[in-house]
Amino acid sequence: MCGIVGYLGEKKASDVILSGLKKLEYRGYDSCGITFFDEGNHRFVTYKDKGRVNHLVEDFDYSFFNRLGIGHTRWATHGRPNQINSHPHFSETTRFSVVHNGVIENYKELTVKYLADVHFVSETDTEVIADLIERFSQEMSVEEAIRKTLSLIEGSYALLILDTENPSVMYAAKNKSPLLIGTALEGITLASDIMALVGYATQYLPIEDKVFTVVCRQPDGSVGFRMHDILGHRIEMPLQKLDLALDEIGMGGYSHYMLKEICEQPAVVRKIVARYFEGDDFVVSPKIHQVLKKAEKIYIIAAGTSMHAGFVGRYLLENIAKKPAEVFIASEFAYNPPLLCANPAFLFISQSGETADLRTCLVKIKEMGYPSVTITNVPTSTLAREADHFMEICAGPEIAVASTKAYVGQVVILAILAHCLADRKVFDLKEELSKVAVAMEALIDKREYIHALVREKITKRNCFYIGRGLDFFTCLEAALKLKEISYIQTEGFAAAELKHGTIALIEDGVPVIAIISQKNVNNLTRANIREVLSRGANKIVISLNRLSDPSDELVLMDVHEMLSPMLTVIPTQLIAFYSALDLGRDIDKPRNLAKSVTVE
Ligand code: M6R
């Protein structure tokens, strides 16, 4: 969940690394650090501290000529966020410097076996890696020492390693955690996310698990790289063109990435339609169609917001395609799987394509020989590469930690899949999606009104969302969004379920937000609203026009009932955004979180 960047080339390494860390800060932002080689004084310089990348950029001196370095932005797993636990970490004599993303599961055993006499400075699992390399390098070459270390460590890692005795080389390795190498004429950049390569690489290559990479400056001054397996055999992998542009990852004049991404949602719907329709026909890979059509049941595996999209997907698959489907929390499925049907197919839904819980499931599914399809926003990601097939969400880079446009994109893709698998046309999806995009625009234009509603109604430390059917799934997502960025404790409830216990929490002024887009339960949900009103709740009702009541606070344009989650989620994203804004929260980087969760 940390971000790592390394550079060796002709450019000023500290510039490349710091700009990369800024782009990766959404992956972890407890603390950060950098080590670079100051060529003028022939020494390695390290700065690291608790806090954000801006602190690293603004409060330290980078005036030295430097063309080699590694950097890190941390999401703490072992030890509190403080200066000592920040990366880079060093071996005991400070010869080796390491940045690490992931978790070394057996670091305690390795310490006892190989490093009993070493004095550790930090509480991290990472320091062990640096010390093992140093220990082994006393008896073998550095490359052998690193490979031996890799053969011993268990768990997940993306690693960049510097040897202070050799300032023309940078080493890298990975297992489970993502790591990419980017090349350009001026030099080579390594990073845990493609975004850090943008502007510094023209070609790139996602590094495979257990591959050991050596980047070095040649005698003629040029920089090259080679890859090896753990035994030292050479591996050749083709580079791909990098065509992500810098303006795609900018803020585009908005105050926050989250607001920008909310406002981009109508465009995302249209982009997906353009990508997956040709005229009125679907452009979905025949192989994906075949795998899912043939399956007796589709198992949807996801986490967080993507799991909420999965719930909507299950509904659409069952109601449109008549295909049985079930949704599982990835971390639960991984170690407590259900009894599977005889002929299953697996659908992995992940914005980042890097979520460790999902990857664990995918590895197990593959071992069992079952087919897998990943729906992801990042075509270069691990889950996209390792599943049998993948579908791209086409939402464009999502930078805010709180997922918005990727969620809507996932639901659109799932609606396309459901229609594609149906034996008969249930409704004109393309036409209905274009109505959704128009309704979204109208709603986003009214966002200042939603801000006013928030000021008036969201005044407590807790909040509830209630709804039935598809609206219940939107409530789950809405609640996650509000608590994630505003820290207001929020629960999403099936409207009738509240009175089976939780209604005890309703008292004067507690906000209860109801979502009504499903005709068959309109009256029932309204009865549930009356129940909380009579106990003092402060209501906000969000309804579709055709189901609305004059007393509803927010009435949305009508869209097809089955596509309503794409629309009704938007006011809830805006409620979360404005609540967090008024509370002065760090909206794009909420506390304790990271954008992609690459540890289990
Ligand atoms: O990248 P993924 O979609 O696999 O991530 C899963 C969750 O971590 C993610 O959806 C998380 O819940 C969001 N940050 C919530 O906004």
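Residues numbered from 1 in each chain as written. Predicted model: local features only at pLDDT ≥ 70, side-chain atom pairs only at ≥ 80, totals over all residues. Heavy atoms only, no water.

> I'd like to hear about the pattern of salt bridges, residue by residue, with values.
One side chain can pair with another of opposite charge once the charged atoms of both are near each other. All chains considered together, the criterion is met by 30 salt bridges. For the salt bridge of Arg-67 with Glu-39, the shortest nitrogen-to-oxygen distance reads 2.8 Å. With a gap of 28 residues between them, Arg-67 in the loop between helix H2 (53-58) and strand E4 (68-74) and Glu-39 in the loop between strand E2 (31-38) and strand E3 (43-50) connect regions that are remote in the sequence. On the basis of relative accessibility, which here comes to 15%, the residue Arg-67 falls in the buried class. Across the pair Glu-531 and Lys-499 runs a salt bridge whose closest N-O atoms are separated by 3.8 Å. Residue Glu-531 is located in helix H17 (residues 522-533), and its partner Lys-499 is located in the loop between strand E24 (489-494) and strand E25 (511-516); the two are separated by 32 residues in the primary sequence. Among the residues examined, Lys-499 registers a relative accessible area of 40% and is labelled partly exposed. (Salt bridge = Lys/Arg side-chain N within 4 Å of Asp/Glu carboxyl O. Helix = DSSP H or I, 4+ residues; strand = E, 2+ residues; numbered from the N terminus. Buried < 20%, exposed > 50% of the residue type's maximum accessible area, 1.4 Å probe, protein only.)

> A description of the site of the ligand should follow, citing residues and the corresponding values.
Taken together, 15 residues lie near the ligand, and Ser-306, Ser-350, Ser-352, Thr-355 and Glu-484 sit nearest. Within the side chain of Ser-350, a nitrogen or oxygen atom sits 2.6 Å from an oxygen atom of the ligand. In the model, an oxygen atom of the ligand is placed 2.7 Å from a nitrogen or oxygen of the Gln-351 main chain. Relative to its unbound accessible surface of 410 Å², the ligand loses 91% to contact with the protein. Secondary structure elements with two or more residues in the shell around the ligand: helix H9 (304-319) and helix H16 (470-486). Grouping the constituent residues of the shell around the ligand by class yields five nonpolar, eight polar and two charged. Residue-level mapping places the shell around the ligand at the junction of two domains, with at least three residues from each of domain 2 (251-439) and domain 3 (446-591). (Near = heavy atom within 4 Å. Polar contact = N/O pair within 3.5 Å; in protein donor to acceptor, adjacent residues only side chain to side chain. Areas by Shrake-Rupley, 256 points an atom, 1.4 Å probe, with all protein chains shown as cover. Nonpolar A, V, L, I, M, F, W, Y, C, P; charged D, E, K, R; others polar. Domains from an automatic or database assignment.)

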